[in-house]
Amino acid sequence: MMPSASAAAVTLLVAWIYPSCALYFHIGETEKKCFIEEIPDETMVIGKYRTQLWDKQTGSFLPSTPGLGMHVEIKDPDTKIILSRQYGSEGRFTFTSHTPGEHQICLHSNSTKMALFAGSKLRVHLDIQVGEHTNNYPEIAAKDKLTELQLRVRQLLDQVEQIQKEQNYQRYREERFRMTSESTNQRVLWWSIAQTFILIITGIWQMRHLKSFFEAKKLV
């Protein structure tokens, strides 16, 4: 009972950390939609999408024509482009992160094709899978001829590895936050010292100016 309970706890934890992100959104002819995904380093990400075009006659969204394309662009935390490619009306993109942090995933329509549907809105269904959720375990079991127990062990090992990556990423974020806090505190300290110095100089100047004024008026 204990091993199965521990395995269930690990599975629930990983599912909470890296759920499969499925959503849909609407875009216009030249409109771009971007999403931010926090990803540890050396983590695989798979994105799948399909498009639907608004049909005025039926009053609903229908599957888009094959000629309607989507451009996918992905930037790492250093704003370096790691993927920029044109796809069709339905596609799948894959990349592996090499720098931990916020990755920007942007999609926009092929404007030359959208001109045929002026005024229409495009619905895009997007599904993003991160980490061990990208693994196709039935395919892995068939390829490596794994038993059910071996496959389960493989899944648990992948989940533990993903948890370790997430822990390393959290430590990385904590270190970055600590460095930012220390830098901010140091700047505040120097600014306070500068303000104090300016106030002292101003006070001395005012005292000398008043003394000169009183001496000129022969009040002292």
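Note: the structure precedes this text.
Attention in this report is confined to the structure presented alongside it. (Residues numbered from 1 in each chain as written. Predicted model: local features only at pLDDT ≥ 70, side-chain atom pairs only at ≥ 80, totals over all residues. Heavy atoms only, no water.)

Details of the packing of helix α3 (residues 137–144) against helix α4 (residues 148–216)
Part 1: Their axes nearest at 11 Å, the elements α3 and α4 cross at an angle of 125°. Accordingly, the angle class assigned to the pair α3 and α4 is oblique. Crossing hand, α3 versus α4: right-handed. Contacts between α3 and α4 involve Y137, I140, A141 and D144 from the first element and L151, R154, Q155 and D158 from the second.
Part 2: Of the residues in the contact of α3 with α4, the class split is four nonpolar, one polar and three charged. (Axes fitted to C-alpha atoms, helices over the stretch in contact; angles between N-to-C directions. Helix = DSSP H or I, 4+ residues; strand = E, 2+ residues; numbered from the N terminus. Parallel < 35°, antiparallel > 145°, perpendicular 65-115°, else oblique. Left-handed = near helix turned anticlockwise from the far one by under 90°. Contact = heavy atoms within 4.5 Å. Nonpolar A, V, L, I, M, F, W, Y, C, P; charged D, E, K, R; others polar.)

Digging into α3
Part 1: Those residues of α3 that sit buried are Y137, I140 and A141. Taken around the axis of α3, the buried residues stretch over an arc of 100°, which confines them to a single face. In α3, the exposed residues that point more than 90 degrees away from the buried face are P138, E139, A142 and K143.
Part 2: Turning to α3, the residues buried within the fold contact α4. (Buried < 20%, exposed > 50% of the residue type's maximum accessible area, 1.4 Å probe, protein only. Arc of directions from axis to C-beta.)

A short note on the pairing of strand β3 (residues 43–55)
Part 1: Pairing geometry for β3 and strand β7 (residues 90–97), over eight bridges, is antiparallel. Considered in β7, the bridge of I46 is made with T94.
Part 2: Sheet topology places β3 next to strand β9 (residues 122–130); nine bridges connect them, and they run antiparallel. Across the sheet, residue R50 finds its bridge partner in β9, namely H125.
Part 3: Strand direction decides the pairing type here: β3 and strand β4 (residues 60–63), joined by four bridges, are antiparallel. If you follow L53 over to β4, its bridge partner there is L62.
Part 4: Between β3 and β4, which pair antiparallel in sequence order, lie four residues; one of them, G59, sits at a positive phi of approximately 70°. (Pairing = 2+ DSSP bridges.)

Here's the deal with the packing of aromatic side chains
Part 1: In total, this model carries three aromatic pairs according to the counting rule given.
Part 2: Ring plane angle 55° and centroid distance 5.2 Å describe the contact between F25 and F35, whose orientation is recorded as tilted. With a gap of ten residues between them, F25 in strand β1 (residues 21–27) and F35 in strand β2 (residues 32–39) connect regions that are remote in the sequence.
Part 3: Residue class for F35 comes out partly exposed when judged on its relative accessible area of 22%. (Phe/Tyr/Trp six-rings, centres within 6.5 Å; stacked < 30°, edge-to-face > 60°.)

Some points on the nonpolar core
Part 1: Judged by nonpolar contacts, the single largest core of 21 residues is most densely connected at Y49 and F93.
Part 2: Among the elements that make up this core, the one with the highest residue count is β9 (five residues).
Part 3: The contact partners of F93, leaving out residues within four places of it in the chain, are V45, I46, G47, Y49, V72, I74, L83, Y87, I105 and L126. (Core = buried A, V, L, I, M, F, W, Y, C linked by side-chain atoms within 4.5 Å.)

Quick word on the pattern of salt bridges
Part 1: Enumeration over the complete set of coordinates arrives at five salt bridges.
Part 2: Residue E38 is joined to R173 by a salt bridge in which the shortest nitrogen-to-oxygen separation is 3.0 Å. Here E38, found in strand β2, pairs with R173, found in helix α4; they are 135 residues apart in sequence, far enough to count as distant.
Part 3: Residue classification places E38 among the partly exposed positions, given a relative accessible area of 32%.
Part 4: Assessed through its relative accessible area of 38%, R173 is described here as partly exposed. (Salt bridge = Lys/Arg side-chain N within 4 Å of Asp/Glu carboxyl O.)

Considering the environment of Y169
Part 1: Counting through the fold element by element, Y169 comes out in helix α4.
Part 2: Between the alpha carbons of Y169 and I39 there is a distance of 8.0 Å; along the sequence they are 130 residues apart.

A look at a nonpolar patch on the surface
Part 1: On the surface, F197, I198, I200, I201 and I204 cluster together into a nonpolar patch covering about 480 Å² of accessible area.
Part 2: For I201, a relative accessible area of 43% gives the class partly exposed. (Patch = residues over 30% accessible without salt bridge, like charges linked within 9 Å, V, L, I, M, F, W, Y side chains within 5 Å. Areas by Shrake-Rupley, 256 points an atom, 1.4 Å probe, with all protein chains shown as cover.)

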